[in-house]
2 protein chains.
Amino acid sequence: MATSCFADRLAKHVQLSDAERSALARLEENPRKVKRGAMIQRVNETVTELFVLREGRAMSFVLLPDGSRQILRVYFPGDFIGSASTIYSKAPESLVALSDVVICPFDKHALRRLLEEHPRVAALLFLLSNAERVALTDRLASLGRTSAKARVASFLLDIFDRLRVTDDGVTDSFDLKLTQEEIGDAIGLTSVHVNRMVRQMEQEGLISRANGRITLLDMERLEEIGHYTNRHKDMDFDWLPSQP
Amino acid sequence: MATSCFADRLAKHVQLSDAERSALARLEENPRKVKRGAMIQRVNETVTELFVLREGRAMSFVLLPDGSRQILRVYFPGDFIGSASTIYSKAPESLVALSDVVICPFDKHALRRLLEEHPRVAALLFLLSNAERVALTDRLASLGRTSAKARVASFLLDIFDRLRVTDDGVTDSFDLKLTQEEIGDAIGLTSVHVNRMVRQMEQEGLISRANGRITLLDMERLEEIGHYTNRHKDMDFDWLPSQP
DNA sequence: CGACCCCTTGAAATTGATCAAATGCCGTGG
DNA sequence: CCACGGCATTTGATCAATTTCAAGGGGTCG
């Protein structure tokens, strides 16, 4: 059986049949290495490909005419990225590697075949897409209605909880691998102000930092400050079509 | 053939077979009227139902502990709402009727059957879910990185373009049917500041208002001010499975 | 008529942005 | 090994956008 990073991720939620696994593995037949900082997809370029992120970290973002950047989402191994190209012929967002990464590009026609032949996987993708949607609405509420400190807190918790889904080594600390400017671009703040908030949270004993590594010292208070809810706990896949 | 508001919407993008149409119509077998202002779904309640909005307008929102509200999305006839309950057992957001509405609730098991039996419809739903995702990222960039005036401009254009998809009567003016406080809650501003921006845009000849009706007088400038892109023009459904 | 809601306007307060400069860190090449 | 350049972080001072607070006006519905 071929390995599939994406199948492994899905298998955390539901059992997959061998046929489904190998169909998913076919999406990852063409792994490609991309260097840190390199562009995977450029906004407005014609796109027909999607990607599975196999290794490393990536992000999607848009640039506004005045040069400011909004980071839309940070991605981790096993994430399915660039799904906007399923419906838009021109990329609505750019994708860039945050570290050296391995991505597996596949054409949307391959996705089509997968959806046709494996309705249960199709349903699963639909569900995960809805989970992404909720993640975005959470951040929308964060940007629209909470203070700078709350945004930093919830952003850290979000990254932390997402890393924990796949990486069992994560217990209370993690490598953020983002500059303060990037954090700011993700949560709608300047790097200067991110610095002040991080620094303040450190002094208050909420977090600590050591060469790029963040430790969450008081998660309860962080959740309270950030108005954060961990959505991962509440997922329910039971109603999906039973295994073929 | 039974009527289906949702099928009509999908049919704007792709041709549907009779079997697909009647399968979609079954989702709308139980229309229910809901009065303006009434709750359709309350956050944190256990949910197993989704809805097609057949008539009227609705919105989803969350309340933060300090009482402030973030409106996540405004919905129009033909929209598929509450899709978060496909994956979360407790509603992550509330749904409320903005006008008297007719909604068609259906159980997620009915959706499951639809996805199993009609892979092409499943694919289509997946695509539309990705389009929603992009709409959210657009607003995320708006909240995170643009001025109050830009947010108002892009919000108006977005509502306008979405109304135009279904309602042919819309050419340059439309009923917003939202209070200034609701606009503010959607784009992360106070009602006071929304008022100042709307008023300013009116004085500059960008828009005009008459008893709740908004007319867009200078769309080009509005698009520029709001950094707005109309995504509807760029949709591509050609690669979908061909008709069965 | 009164209650209520929404819109409007002004003045003061506050949050976070902007500008500017210093510090520290790390990899590279001499 | 050290010097250097370049990038990220840190800090201070000032500025500007938006919120907050407060009050008045207008329309509508019971």
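Residue positions are given per chain, counting from 1 as you read along its sequence in written order. To read the labels, note that chains go from A and ligands from 1, taken in the order they are written. Owing to the predicted nature of the model, reporting of local features is limited to residues with pLDDT of at least 70; listing and counting of side-chain atom pairs is limited to 80 or more, with chain, interface and lining totals taken over all residues. Water and hydrogen atoms play no part in the side-chain values, which are based on all heavy atoms of the structure.

All names here are of chain A. Following DSSP output, two strands are said to pair if at least two bridges run between them. A run of H or I in DSSP becomes a helix once it reaches four residues, and a run of E becomes a strand once it reaches two; helices and strands are each numbered from the N terminus. Here four strands make up an open sheet; going across it, the order is β2-β7-β4-β5 and the pairing antiparallel. At either margin of the open sheet sits one strand with a lone partner, and together these are β2 (39-41) and β5 (69-75). Recorded for the sheet is a direction-independent mean angle of 30 degrees between the axes of neighbouring strands. As paired elements, strand β4 (residues 58-63) and β5 share six bridges and run antiparallel to each other. Each axis is a line fitted through C-alpha atoms, and for a helix only the stretch in contact is used; angles between axes span 0 to 180 degrees, taken between their N-to-C directions.

When a strand is regular, its side chains alternate between the sheet's two faces. To sort residues, take the accessible area from a 1.4 Å probe on protein chains only and compare it with the maximum for the residue type: under 20% means buried, over 50% means exposed, and anything in between is partly exposed. Of all seven residues in strand β5 (residues 69-75) of chain B, seven are buried, a share of seventy percent or more. Counting the residues that bridge the hairpin from strand β4 (residues 58-63) of chain B to β5 of chain B gives five residues, and of these G67 of chain B lies at a positive phi of roughly 95 degrees.

Glancing now at the domain arrangement of chain A. Residue and element names in this part refer to chain A. Once the domains are mapped, chain A shows domain 1 (5-120) and domain 2 (147-226). Just so you know, the domain bounds were taken from an automatic or database domain assignment. The C-alpha centroid of domain 2 is placed 25 Å from the C-alpha centroid of domain 1. Residues count as neighbours in contact if any of their non-hydrogen atoms are within 4.5 Å of one another. Counting residues at the interface gives 14 residues for domain 1 and 14 residues for domain 2. By buried area we mean how much accessible surface two parts lose on assembly, using a 1.4 Å probe and totalling the loss over both. Counting each side, the surface lost to burial between domain 1 and domain 2 is near 1300 Å², with a carbon and sulfur contribution of 51%. The three residues of domain 1 that bury the most area against domain 2 are R57, R69 and F76, which together make up 41% of that side's buried surface. Put simply, R162 and D79 hold a salt bridge, and the shortest N to O gap is 3.2 Å. Under the rule applied, a polar contact is a pair of N or O atoms within 3.5 Å (in protein, one hydrogen donor and one hydrogen acceptor; residues adjacent in sequence only if both atoms are side-chain atoms). Our count for the domain 1 to domain 2 interface comes out at eight residue pairs in polar contact (both at pLDDT 80 or more). Note on definitions: salt bridges are taken to be side-chain nitrogens of Lys or Arg within 4 Å of carboxyl oxygens of Asp or Glu.

A separate point is the pattern of salt bridges. Any two side chains of opposite charge can pair, so long as their charged atoms come close to each other. Residues and elements named next belong to chain B. Inspection of the entire model under this criterion finds 35 salt bridges over all chains. One salt bridge in this structure joins R9 and D79, with 3.0 Å as the shortest N-O distance. Of this pair, R9 sits in helix α1 (residues 5-11) while D79 is found in the loop between β5 and β6 (80-81), placing the two residues 70 residues apart along the sequence. Comparing R9 with D79 shows no difference in burial state: the two are buried. With a shortest N-O distance of 2.8 Å, R164 and D161 are connected by a salt bridge. Of the two residues, R164 and D161 are both situated in helix α5 (residues 148-166); the distance of three residues between them amounts to about one turn of the helix. Residue class for R164 comes out partly exposed when judged on its relative accessible area of 35%.

Mapped onto the secondary structure, S60 of chain A falls in strand β4. Residue contacts for S60 of chain A: discarding those within four places in its chain leaves Q70, I71, L72, R73, Y75, E93, S94 and L95 of chain A.

The next point concerns the UniProt feature "domain: HTH crp-type" (unreviewed entry) in chain A. UniProt positions are given in the numbering used here, feature names are shortened, and annotations may be inferred rather than shown by experiment. As annotated by UniProt and renumbered to match this structure, "domain: HTH crp-type" (unreviewed entry) occupies residues 146-220 of chain A. Between the C-alpha atoms that bound residues 146-220 of chain A the distance is 18 Å, and the span itself is 56% helix and 15% strand.

It is worth spelling out empty space enclosed by the protein at this point. All names here are of chain B. With a 1 Å grid laid over protein atoms only, a set of points is called a cavity when a 1.4 Å probe fits there but cannot get out and a pocket when it is open yet has protein on both sides within 12 Å along at least five of seven lines; lining residues have an atom within 4 Å of a point. Grid points are joined across faces, edges and corners, and a volume is the space filled by probe spheres set on the points. For the coordinates displayed, the defined rule picks out two cavities of 30 Å³ or more. For the largest cavity, the calculated volume is near 60 Å³. Taken together, I71, L72, R73, V74, R139, F155, D158, I159, R162 and A186 form the lining of the largest cavity. Each of domain 1 (5-134) and domain 2 (147-226) contributes no fewer than three residues to the lining of the largest cavity.

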